[in-house]
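Here is how the chains run, residue by residue.
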Amino acid sequence: MAGSAAAAFTGISAGTARAAVPASPGVTYTNTIAEQRADPHIFKHTDGFYYFTATVPAYDRIVLRRATTIQGLTSAAETTIWTRPATGTMGGYIWAPEIHFIDGKWYIYFAAGDANNVWHIRPYVMECADANPITGTWTVKGRIALPLDTFSLDATTFAVNGTRYLAWAQNDPAVGTGTNLYIAQMSSPWTITGTPVMISRPTAAWETAGGATVNEGPAVIQKNGKVFMTFSAAATSAVYCMGMLTASASANLLSASSWAKNPNPVFASFAATSQYGPGHNQFTVSEDGKSDILVYHDRSYKDISGSPLNDPNRRTRVQKIYWNADGTPNFGIPVADGATPVRLSSYNYPDKFIRHWEYRAKLEANVAPLADSQFRVVTGLTGSGTVSLESANFPGYFLRHKNNEVWVEKNDGTALFAGDASYMARAGLADSAGVSYESFNLPGRYIRHYNYLLYVQAVTTTTAQADATFYTQ
C-alpha cells in the first residue's frame with residue numbers, strides 16, 4: 001500500500017520511511033552526439049577528459065576528439081591522428097577504431113583492408129606513449145596475428161581479475177559464411193596467446209536478418225560479478241540490433257560453455273522514436289561516475305537507398321543504462337532525438353517508479369518494459385518556467401491530470417491540455433534533493449501517489465509531502 005493508505009493502516013507517517021538519494025541519480029544528454037560518426041567509442045580517462053573516436057564515412061582515417069563532458073564532444077575540435085597509406089597494407093577500408101589506455105600508454109584498435117583489396121579486413125593496433133593522445137605521436141604496432149588468416153575485425157580488449165583478453169569478430173569458412181565472436185588471452189596489448197575460442201555464432205533469425213549472418217562489434221561491461229558482452233547482429237540496416245552474452249567473472253572465459261546468449265536482442269530499432277539499426281556499441285560512465293552510459297550508432301530513418309555501407313548517416317548517440325533487480329543491464333529502447341529521459345522513483349517507496357499502464361500513471365517496481373517508466377523532462381507546454389513530462393516510448397504523450405487523476409495522453413494542442421500537462425518543478429517537499437511537481441493550472445496541488453496510483457492533490461500532511469516527492473534516476 002502506498003502513501004496515505006500506509007499511514008492509515010499503520011498509524012505511522014510514510015514519510016518516515018524515506019529513501020536514500022539514489023546511488024545513480026538522473027543524468028541527461030542531448031542526442032545526437034556526433035553526426036556521421038559510426039562505430040563510436042568514448043573512453044573516460046583519469047585526466048578528466050572523455051576521448052572519442054569513430055568510423056568516418058570515407059573509411060580513410062582515424063579521428064579523435066576530447067572534452068571534459070560527454071555533451072562537450074559534440075562541439076569539440078576533431079583531429080585526424082592517422083590517415084591510411086595510399087598503397088599497400090592498411091590502404092583500404094578503415095573501420096571501427098577504439099581507444100584504450102593500458103599500462104600507461106594509449107592504444108587504438110582498428111580494422112583495415114589493403115589498398116589493392118579493400119575487403120582484406122584485418123585487426124591492427126597503434127600505440128602512443130604521450131599523455132595527450134591527440135597531440136602525441138602514434139606508432140603502428142602492426143597487425144594482430146590470428147591463427148586463422150581470414151576476414152576479421154572489431155577487436156576490443158578488456159581485463160577480468162587481472163587477466164587481459166581480446167574479443168573480435170571473424171569469418172571461419174569451416175563454420176560458414178559471415179562472422180562469429182572469438183576470445184583469446186593477451187600477452188601484450190597487440191599480441192594474443194593460446195588458441196582463440198569461438199563464443200558465439202549467428203544462428204537465430206534476428207542474427208541473420210537482412211541476408212547477413214553476423215555477430216560483430218563485441219563490447220564488455222562488468223558489474224555484479226558478471227561479465228556482459230554485447231555484440232551487434234544482422235545486416236547494417238534497420239534490422240541491425242544488439243545481442244548479449246553473459247559469463248560469471250569467476251568462470252573460465254576461454255570456455256565457450258561459460259557464456260550464455262540472450263535468446264532475443266537486448267536493443268533494437270524502435271519506430272515510435274524514429275531510431276533504426278542501433279548497434280556497434282561501447283560503454284562509458286557519466287561525469288560523476290555514478291551511471292553507466294551506452295554509446296552506439298543508429299540512423300533516423302528506416303529505408304536506405306543502395307548499400308548500407310554507402311549510407312553515411314549513422315550517428316553517435318548515448319543514453320543511460322539501468323540495472324535490473326537480477327543484476328543484468330537493461331538498455332530499454334533507443335530513445336528519441338533530443339534530451340534523454342529520466343526515471344522518477346518514489347521518495348518513500350524507493351524500489352517503485354512512476355510508469356504508465358494502459359495510459360494510467362501509477363507507481364510500480366520492476367517495470368517492464370523499462371521505457372514505460374522513462375519520461376523526458378521538456379519545456380512545459382505552457383511555456384518557459386514550467387516543465388512537461390513526455391513519455392519515452394510514446395513521444396507526443398505527456399503526463400496530464402484530468403479529474404485529479406494523472407494519465408499519459410497525446411497532446412491534442414488545446415490550451416486545456418497544455419495547462420493540465422504543465423508543472424512547476426519544485427525542490428522535493430520531503431527532501432530538497434528530490435523533486436516535486438506542482439500543477440500549473442491547479443496551484444498548490446502536486447503529483448502524488450495514493451494506493452500506487454498517481455493523482456494531483458493538495459499536500460498538507462507529512463505523508464502527502466512524502467508521496468509527492470520523487471528522485472530522478
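Here is what the cut-offs are and how they apply
- Residues numbered from 1 in each chain as written.
- Predicted model: local features only at pLDDT ≥ 70, side-chain atom pairs only at ≥ 80, totals over all residues.
- Heavy atoms only, no water.
- Helix = DSSP H or I, 4+ residues; strand = E, 2+ residues; numbered from the N terminus.
- Rg over C-alpha atoms; globule rule 2.2 N^0.38 Å.
- Buried < 20%, exposed > 50% of the residue type's maximum accessible area, 1.4 Å probe, protein only.
- Contact = heavy atoms within 4.5 Å.
- Lys, Arg positive; Asp, Glu negative; His and termini not counted.
- Charge placed at Lys NZ, Arg CZ, Asp CG, Glu CD.
- Pairing = 2+ DSSP bridges.
- Axes fitted to C-alpha atoms, helices over the stretch in contact; angles between N-to-C directions.
- 1 Å grid on protein atoms, 1.4 Å probe; cavity = no way out; pocket = protein on both sides within 12 Å on 5 of 7 lines; lining within 4 Å.
- Points joined across faces, edges and corners; volume = space filled by probe spheres on them.
- Nonpolar A, V, L, I, M, F, W, Y, C, P; charged D, E, K, R; others polar.
- Core = buried A, V, L, I, M, F, W, Y, C linked by side-chain atoms within 4.5 Å.
- Salt bridge = Lys/Arg side-chain N within 4 Å of Asp/Glu carboxyl O.
- Phe/Tyr/Trp six-rings, centres within 6.5 Å; stacked < 30°, edge-to-face > 60°.
- Lys NZ or Arg CZ within 6 Å of the ring centre and 35° of its normal.
- Polar contact = N/O pair within 3.5 Å; in protein donor to acceptor, adjacent residues only side chain to side chain.

1. Observations regarding the overall build of the protein chain
Line of reasoning, step 1. Looking only at helices and strands, the protein chain has three helices and 35 strands in total.
Line of reasoning, step 2. Relative to the 2.2 N^0.38 estimate, which gives 23 Å for 473 residues, the radius of gyration of the protein chain is 24 Å and therefore close to what a compact globule would have.
Line of reasoning, step 3. Every one of the 473 residues in the protein chain was classed for burial, and the buried ones make up 56%.
Line of reasoning, step 4. Long-range contacts, defined here as pairs at least 24 residues apart, represent 51% of the contacts in the protein chain between residues at least 6 apart.
Line of reasoning, step 5. Of note, the protein chain has its 35 positive side-chain charges centred 2 Å away from the centre of its 35 negative side-chain charges.

2. Considering the sheet that holds strand β7 (residues 105-114)
Line of reasoning, step 1. Taken in spatial order, the four strands line up as β6-β7-β8-β9 in an open sheet, and their pairing is antiparallel. Because the sheet does not close on itself, it has two edges, and the strands there are β6 (94-102) and β9 (139-143). Strand-to-strand, the axes of this sheet are offset by a mean angle of 25°, without reference to chain direction.

3. Considerations on empty space enclosed by the protein
Line of reasoning, step 1. This model, assessed by the stated rule, comprises three cavities of 30 Å³ or more.
Line of reasoning, step 2. Considering only enclosed or pocket space, the largest cavity measures out at about 60 Å³ in volume.
Line of reasoning, step 3. The wall of the largest cavity is formed by Gln36, Arg37, Ala38, Thr55, Val56, Pro57, Tyr59, Asp311, Pro312, Asn313 and Arg314.
Line of reasoning, step 4. Residues belonging to the lining of the largest cavity are distributed by class as follows: five nonpolar, three polar and three charged.
Line of reasoning, step 5. In this model, the second largest cavity occupies a volume close to 40 Å³.
Line of reasoning, step 6. Around the second largest cavity sit Ala336, Arg376, Glu390, Ser391, Ala392 and Pro395, which together line it.

4. A look at the sheet that holds strand β3 (residues 50-55)
Line of reasoning, step 1. One open sheet accounts for four strands, arranged β2-β3-β4-β5; its pairing is antiparallel. Each end of this open sheet is capped by a strand with a single partner; those strands are β2 (38-44) and β5 (79-83). Sheet twist, expressed as the mean angle between neighbouring strand axes with direction ignored, is 25°.
Line of reasoning, step 2. Here strand β4 (residues 61-67) runs beside β5; their pairing, made up of four bridges, is antiparallel. Considered in β5, the bridge of Leu64 is made with Thr79.

5. Describing the nonpolar core
Proteins that are soluble and globular tend to have nonpolar side chains buried together.
Line of reasoning, step 1. Counting 28 residues, the largest nonpolar core has Trp95, Phe158, Ile183, Ile199, Met229, Leu253 and Trp259 as the members making the most contacts within it.
Line of reasoning, step 2. Mapped onto this core, the elements with two or more residues apiece are β6, β10 (152-160), β11 (163-170), β12 (180-188), β13 (191-200), β15 (226-233) and β16 (241-248).
Line of reasoning, step 3. It is β15 that contributes the most residues to this core, four residues altogether.
Line of reasoning, step 4. Beyond its immediate sequence surroundings of up to four residues, Trp259 is in contact with Ile183, Ile199, Val227, Met229, Leu245, Thr246, Ala247 and Leu253.

6. Things to note about the pattern of salt bridges
Side chains that carry opposite charge are capable of pairing whenever their charged atoms lie near each other.
Line of reasoning, step 1. The tally for this structure, following the rule as stated, stands at 24 salt bridges.
Line of reasoning, step 2. Among the ionic pairs, Arg315 bridges to Asp337, the shortest N-O distance being 3.1 Å. Here Arg315, found in strand β20 (residues 315-320), pairs with Asp337, found in the loop between β22 (329-330) and β23 (338-339); they are 22 residues apart in sequence, far enough to count as distant.
Line of reasoning, step 3. Connected through shared salt-bridge partners, Asp298, Arg315, Arg317 and Asp337 make up one network.

7. Concerning the packing of aromatic side chains
Line of reasoning, step 1. Applying the stated rule across the entire model yields 26 aromatic pairs.
Line of reasoning, step 2. When the centroid spacing of 6.2 Å and the interplanar angle of 35° are considered together, the rings of Tyr107 and Trp190 count as tilted. With Tyr107 in strand β7 and Trp190 in the loop between β12 and β13, this residue pair connects regions lying 83 residues apart in the sequence.
Line of reasoning, step 3. With relative accessibility at 4%, the residue Tyr107 sits in the buried group.
Line of reasoning, step 4. A centroid spacing of 5.8 Å and a plane angle of 55° characterise the contact between Phe228 and Trp323, whose relative ring orientation is tilted. On the criterion of sequence distance, the pair formed by Phe228 in strand β15 and Trp323 in strand β21 (residues 322-323) is long-range, its members being 95 residues apart.
Line of reasoning, step 5. Judged by its relative accessible area of 1%, Phe228 falls in the buried class.
Line of reasoning, step 6. The structure contains a cluster of three or more aromatic residues connected by ring pairs, namely Phe43, Phe49, Tyr51, Phe101 and Trp106.
Line of reasoning, step 7. Positioned over the ring face of Trp323 is Lys223, at 5.2 Å from the centre of the ring.
Line of reasoning, step 8. For Arg343, the ring lying beneath its charged end belongs to Phe353, and the centroid distance is 3.8 Å.

8. Brief notes about the pairing of strand β29 (residues 397-402)
Line of reasoning, step 1. With six bridges joining them, β29 and strand β30 (residues 405-410) adopt antiparallel strand pairing. The partner of Leu399 across the bridge, within β30, is Val408.

9. Thoughts on the side chain of Thr150
Line of reasoning, step 1. Mapped onto the secondary structure, Thr150 falls in the loop between β9 and β10.
Line of reasoning, step 2. Accessibility expressed as a relative area gives 12% for Thr150, which makes it buried.
Line of reasoning, step 3. Once you skip the residues sitting within four places of it in the chain, Thr150 turns out to touch Ile121, Arg122, Gln170, Asn171 and Pro173.

10. Quick notes on unusual backbone geometry
Line of reasoning, step 1. Look at the link from Asn31 to Thr32: it is a cis peptide, with omega at 15°.
Line of reasoning, step 2. Relative to the elements of secondary structure, Thr32 occurs in the loop between β1 (30-31) and β2.
Line of reasoning, step 3. Residue Pro369 is bonded to the preceding Ala368 through a cis peptide linkage, with omega at -5°.
Line of reasoning, step 4. Its location among the elements puts Pro369 in the loop between β26 (360-365) and β27 (375-379).
Line of reasoning, step 5. Its identity as a non-glycine residue notwithstanding, Tyr59 has a phi of 55°, on the positive side.

11. Regarding the side chain of His100
Line of reasoning, step 1. Among the secondary structure elements, His100 is positioned in strand β6.
Line of reasoning, step 2. At 2.8 Å, the side chain of His100 and the side chain of Glu98 are in polar contact.
Line of reasoning, step 3. Not counting chain neighbours up to four residues away, the residues in contact with His100 comprise His41, Lys105, Trp106, Tyr107, Tyr109, Thr156 and Thr157.

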